[in-house]
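# Architecture and fold: a report
Each chain, written out:
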Amino acid sequence: MPAFAARLCALQGVAAGGSGWRPGPAPHQRQQWAGITASSAQDAAAAAAAAPSPPKSIAEKIGFIGAGQMGEALLRGFLRAKLLGMWHTGLLLPSSLLHSVKDWERREALERMGVGSVFGDATEGGSCDVANFARILLLCTKPQALPEVLESLAPHVTEEHLVISIAAGVTLNTMEQALGPHVRVVRVMPNTPALVQCGATAYALGRNATERDAELVDLLFSSVGFCIQVQEKQLDAVTGLSGSGPAFVYLMIEALADGGVAAGLPRETALALAAKTVKGAAQMVFSDDATSESGMVHPGVLKDRVASPAGTTIAGLTELESSGVRGAFIRAVTRAAARSKELAG
């Protein structure tokens with residue numbers, strides 16, 4: 001079994017004969033766990049072994065509730081993650097994924113993909129059905145629809161559930177109040193390049209979420225790209241930058257291609273060159289010659305390497321700066337972040 005899959009199996013407790021994983025200590029309990037003696041550790045281990053655990057069929061399933069663009073990108077990205085070895089854990093087989101979705105066409109599309117069970121939406125009790133069969137719940141509804149979903153889920157979620165929400169602007173406190181004081185909640189902001197294993201995801205833990213929950217979320221979203229833990233107060237900025245950022249980059253690619261056409265290139269050639277240029281430039285930021293502790297090369301350094309004195313690049317950069325492109329990108333991110341806060345009410 002690949003190392004990545006083995007780590008996920010260890011977290012899930014679904015190695016050969018496993019019957020499901022239990023949540024680890026909450027953050028406020030970690031110090032207490034760190035100071036136990038050898039004898040008390042043995043007692044704790046014996047008590048844990050005797051405690052009931054959820055059935056394996058639940059521990060191996062992820063329930064998706066909602067199927068917007070982001071939810072579908074994650075679903076398809078997780079399925080494609082089999083190329084990274086997660087396929088062998090059983091966690092991300094299509095049959096191990098459950099889904100509650102409103103649109104009939106999307107339901108049919110999911111069924112064609114082989115998704116294990118596709119239920120109706122929250123108003124039809126579909127989200128409750130998902131909660132009854134899956135212990136990891138991924139809420140992919142629009143922020144405006146989330147209150148209704150949380151209300152329908154509340155009677156069905158327990159301490160055994162891990163609830164992961166990607167709804168922009170909906171706070172951990174809001175979800176915890178709606179679902180109950182003991183439910184483990186994680187708020188996540190992914191982006192659509194997760195579909196091609198190039199996503200950028202940030203997440204924040206709720207008050208009851210454990211270190212093991214954090215490791216599981218990190219492993220799950222790392223399978224579709226880059227993943228990092230942040231403070232919840234930073235998630236609006238994450239939404240404005242990486243959540244909305246792909247659309248800003250698509251606009252940039254389109255504009256670069258238009259420039260190529262204006263300079264005499266065929267449309268398809270210009271678009272391919274523009275997209276490959278952006279992809280390659282991004283990879284250069286993470287190139288092997290990075291000297292900083294972050295492992296990245298500052299884009300200003302890379303820019304200066306391309307811009308030779310009195311050359312074509314510096315001429316183009318001068319035009320961009322005089323047109324206020326840098327400021328426009330900054331304002332786009334901050335405005336999107338502000339909108340995320342507005343959605344929180």
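Up top is the structure.
Here the residue index of a chain counts from 1 through its sequence in written order. Local features in this predicted model are restricted to residues of pLDDT 70 or higher, and side-chain atom pairs are both shown and tallied only at a pLDDT of 80 or more, whereas totals for entire chains, interfaces and linings draw on every residue. Side-chain descriptors were evaluated using all non-hydrogen atoms of the structure, hydrogens and water having been removed beforehand.

Turning our attention to the side chain of D236. The numbering of helices and of strands both runs from the N terminus, where a helix is a DSSP run of H or I of at least 4 residues and a strand a run of E of at least 2. Its location among the elements puts D236 in helix α11 (residues 235-243). Separated by 2.6 Å, the side chains of D236 and S340 make a polar contact. Contacts were defined at the residue level, with two residues in contact if any of their heavy atoms lie within 4.5 Å. Among residues more than four places away in sequence, those in contact with D236 are G169, R187, A337, S340 and K341. Two N or O atoms form a polar contact when they lie within 3.5 Å of each other; inside protein one atom must be a possible hydrogen donor and the other a possible acceptor, and for residues adjacent in sequence the pair counts only when both atoms belong to side chains.

Tracing the chain through its elements places A131 in helix α7 (residues 126-133). Partly exposed describes any residue whose relative accessible area lies between the buried limit of under 20% and the exposed limit of over 50%, with all areas from a 1.4 Å probe on protein chains only and scaled to the type maximum. When its relative accessible area of 4% is taken as the criterion, A131 is described as buried. For the pair A131 and H156, spaced 25 residues apart in sequence, the C-alpha to C-alpha distance is 6.4 Å. Not counting residues up to four positions away in its chain, the partners in contact with A131 are L137, L153, H156 and H161.

Quick look at the pattern of salt bridges now. Salt bridge criterion: a side-chain nitrogen from Lys or Arg within 4 Å of a carboxyl oxygen from Asp or Glu. Under the criterion given, the structure shown has nine salt bridges. Across the salt bridge formed by R326 and E321, the nearest N and O atoms sit 2.7 Å from each other. The class of E321 is partly exposed, set by a relative accessible area of 44%. A salt bridge links E342 to R339; the shortest N-O distance between them is 3.1 Å. Here the residue E342 and the residue R339 both occupy positions in helix α16 (residues 325-343), the gap between them amounting to three residues, near one helical turn. Overall, E342 belongs to the partly exposed group, its relative accessible area being 41%. Salt bridges sharing partners connect three or more residues here, namely R187, E232 and D236.

All of the buried residues in α11 are L235, D236, V238, T239, G240 and S242. Buried residues along α11 sit in contact with β6 (184-189), β7 (199-205), α12 (245-262) and α16.

As a further point, take the packing of helix α8 (residues 146-153) against helix α9 (residues 172-179). Whenever a helix is involved, its axis is fitted only over the stretch in contact; in every case the axis is a line through C-alpha atoms, and angles between N-to-C directions fall within 0 to 180 degrees. Taken N-terminus to C-terminus, the directions of α8 and α9 make an angle of 35°; their axes are 8 Å apart at the nearest point. Taken together, the residues of α9 that come into contact with α8 (itself represented by L146, L150 and L153) are M175, A178 and L179. In terms of residue class, the contact of α8 with α9 is made up of six nonpolar, no polar and no charged. Residues are grouped as follows: Ala, Val, Leu, Ile, Met, Phe, Trp, Tyr, Cys and Pro are nonpolar; Asp, Glu, Lys and Arg are charged; all remaining types, including Gly, are polar.

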